[in-house]
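Here is how the chains run, residue by residue.
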Amino acid sequence: KAAAAGEGDKSQPRQLLIVVDGFVDDVTKFLPSHPGGAAYLHAYNGRDATAVFFGLTEPVVYKHSHAAHNLLSNMRVAVIEGKPDDTQQDNKKAQ
């Protein structure tokens, strides 16, 4: 689990970071406008949300549109290197 920046520091707004397809995305500023509500983003803070984002869970919560993928790509702050699984390849096959 990745620690969120500002965690435990009440003077700074808490940064919400999620992982999707090997990328770390800062979704903090998107919280108020996330169509599914902020609770979904909070639930995956510091966690891998790849399966949920791509609609690979049962039950499927939501399979995000191409527009959502583009929007999320603008929130990237880091890349996870040396992932132990092939999540990125699996997700490309699912698209």
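To keep things clear, this report deals only with the structure shown in the data block.

Criteria and cut-off values
Residues numbered from 1 in each chain as written. Predicted model: local features only at pLDDT ≥ 70, side-chain atom pairs only at ≥ 80, totals over all residues. Heavy atoms only, no water. Helix = DSSP H or I, 4+ residues; strand = E, 2+ residues; numbered from the N terminus. Polar contact = N/O pair within 3.5 Å; in protein donor to acceptor, adjacent residues only side chain to side chain. Pairing = 2+ DSSP bridges. Axes fitted to C-alpha atoms, helices over the stretch in contact; angles between N-to-C directions. Core = buried A, V, L, I, M, F, W, Y, C linked by side-chain atoms within 4.5 Å. Buried < 20%, exposed > 50% of the residue type's maximum accessible area, 1.4 Å probe, protein only. Phe/Tyr/Trp six-rings, centres within 6.5 Å; stacked < 30°, edge-to-face > 60°. Lys NZ or Arg CZ within 6 Å of the ring centre and 35° of its normal. Contact = heavy atoms within 4.5 Å.

### So, the side chain of Thr 50
Inspection of the secondary structure puts Thr 50 in helix α2 (residues 50-53). Within the local environment of Thr 50, its side chain forms a polar contact with the side chain of Asp 48, the two groups lying 2.5 Å apart.

### Examining the sheet that holds strand β1 (residues 17-20)
One open sheet holds the three strands; their spatial order is β1-β2-β3, and the pairing between them is antiparallel. Here the strands that pair on one side only, and so sit at the sheet edges, are β1 and β3 (76-79). Each neighbouring strand pair of the sheet contributes to a mean axis angle of 30°, computed without reference to strand direction. In the sheet, β1 pairs with strand β2 (residues 23-26) via four bridges, with the strands oriented antiparallel. Opposite Ile 18, over in β2, you have Asp 25 as the bridge partner.

### Description of the nonpolar core
Ranked by size, the top nonpolar core spans 14 residues in total, and within it Ile 18, Val 20, Val 27, Leu 41 and Leu 72 carry the most contacts. Where this core is concerned, the elements lending two or more residues are β1 and α2.

### Looking at the packing of aromatic side chains
The final tally for this structure, using the stated rule, is one aromatic pair. Directly above the aromatic system of Phe 23 lies the positively charged group of Arg 76, at a separation of 3.7 Å from the ring centroid.

### Remarks on the environment of Phe 30
Mapped onto the elements, Phe 30 comes out in the loop between β2 and α1 (38-43). Residues Phe 30 and Leu 72, spaced 42 residues apart in sequence, show a C-alpha to C-alpha distance of 9.4 Å. Every residue in contact with Phe 30, bar those within four places of it in the chain, is listed here: Pro 35, Leu 41, Leu 71 and Met 75.

The values are spatial; any link to function lies outside them.
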